[in-house]
Amino acid sequence: MTANQEVKVTIDASFTQSVCDYSVGFLRFKRDGKMETAEPAGTGTFAKLGNAYGILTAGHVLREIGEKENVGLVRFPSVRPPLQNFRLNLDHTERLVTWNGNDCDAPDIAFLKIPEIDARNLEAAGAVFYNLGLPREFAASKPEHRMSK
């Protein structure tokens, strides 16, 4: 048995910059009279495969979000000005989910396919869609690191 250790981690631009433009948070809106509030509803990664643009996320995230609601997309881009007020109508999206619905069961992955016009508008504002179609050669960075094939 190993003893607990304190680990200090500094999160700065060198750590976050490479993922900021791909990352997105979902917001769900609630209205109480004239007051509208938003609650965090999960995160995802912008991704594309050919002409299909969307958000790679978890199945349990999409389970909680209605298929016909409007959600906010929150980004933390490395470019300025930051885009923080993009609303997406989910009635115009498709969901591909690989998850059995049981908490803690794997795989728990989903792809929310969004209309190309919305993807292009997000790109114009600085969002980057990770291209899943590009071949990549992955290798362990050190000999003692192991990778799954």
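Scroll up to find the structure this text is about.
Residues numbered from 1 in each chain as written. Predicted model: local features only at pLDDT ≥ 70, side-chain atom pairs only at ≥ 80, totals over all residues. Heavy atoms only, no water.

### Re the side chain of Lys48
Along the chain, Lys48 turns up in strand S2 (residues 35–49). Of the side chains with opposite charge, Glu123 comes closest to the buried, unpaired Lys48, at an N-O distance of 4.3 Å. If we ignore the near neighbours within four places in the chain, the residues touching Lys48 are Tyr53, Glu123, Phe129, Tyr130, Asn131, Leu132 and Gly133. (Helix = DSSP H or I, 4+ residues; strand = E, 2+ residues; numbered from the N terminus. Buried < 20%, exposed > 50% of the residue type's maximum accessible area, 1.4 Å probe, protein only. Lys, Arg positive; Asp, Glu negative; His and termini not counted. Salt bridge = Lys/Arg side-chain N within 4 Å of Asp/Glu carboxyl O. Contact = heavy atoms within 4.5 Å.)

### Observations regarding the pairing of S2
As paired elements, strand S1 (residues 23–32) and S2 share 9 bridges and run antiparallel to each other. Looking at the pairing, Leu27 lines up with Pro40 of S2. In this antiparallel pair of consecutive strands, S1 and S2, the connection spans 2 residues, and Gly33 shows a positive phi of 65°. Relative to strand S3 (residues 52–57), S2 is paired through 5 bridges, and the arrangement is antiparallel. Along S3, the bridge assignment pairs Leu49 with Ala52. A loop of 2 residues connects S2 with S3, the two strands running antiparallel in sequence, and Gly50 in this loop sits at a positive phi of about 65°. (Pairing = 2+ DSSP bridges.)

### Describing the packing of aromatic side chains
Applying the stated rule across the entire model yields 3 aromatic pairs. Between the aromatic rings of Tyr22 and Tyr130, the centroid separation amounts to 5.7 Å while the plane-to-plane angle is 70°, which identifies the pairing as edge-to-face. With Tyr22 in the loop between helix H1 (13–20) and S1 and Tyr130 in strand S8 (residues 130–131), this pair connects stretches of sequence that are 108 residues apart. Tyr130 sits in the partly exposed class, given a relative accessible area of 27%. Members of the aromatic cluster, each reached through a chain of ring pairs, are Phe46, Tyr53 and Phe129. Over the ring of Phe29 we find Arg87; its NZ or CZ atom is 3.8 Å from the centre of that ring. (Phe/Tyr/Trp six-rings, centres within 6.5 Å; stacked < 30°, edge-to-face > 60°. Lys NZ or Arg CZ within 6 Å of the ring centre and 35° of its normal.)

### With respect to the side chain of Asp118
Turning to its location among the elements, Asp118 is positioned in helix H3 (residues 116–124). Among buried Asp, Glu, Lys and Arg side chains, Asp118 stands out as unpaired, with Arg120 the closest opposite charge at 11 Å. Sequence-distant contacts of Asp118, defined by excluding residues within four places in its chain, comprise Phe86 and Leu88.

### Quick word on the nonpolar core
Phe26, Leu73, Leu88, Leu112, Ile114, Leu122 and Phe129 are the most contacted members of the largest nonpolar core, which totals 22 residues. Elements with a minimum of two residues in this core: S1, S2, S3, helix H2 (59–63), strand S4 (70–74), strand S5 (86–89), strand S7 (109–114) and H3. With 3 residues, the single largest contributor to this core is S7. For Leu112, the contacting residues outside a window of four places in its chain are Phe26, Tyr53, Gly54, Ile55, Leu62, Leu88, Leu90, Thr93, Glu94 and Arg95. (Core = buried A, V, L, I, M, F, W, Y, C linked by side-chain atoms within 4.5 Å.)

### Side note on the environment of Pro107
Looking at where Pro107 falls in the secondary structure, it is placed in the loop between strand S6 (94–98) and S7. Pro107 sits in the partly exposed class, given a relative accessible area of 48%. In this structure, the C-alpha to C-alpha distance between Pro107 and Val97, residues 10 residues apart in sequence, is 9.5 Å. Pro107 has contacts with Thr98 and Trp99, leaving out every residue within four places of it along the chain.

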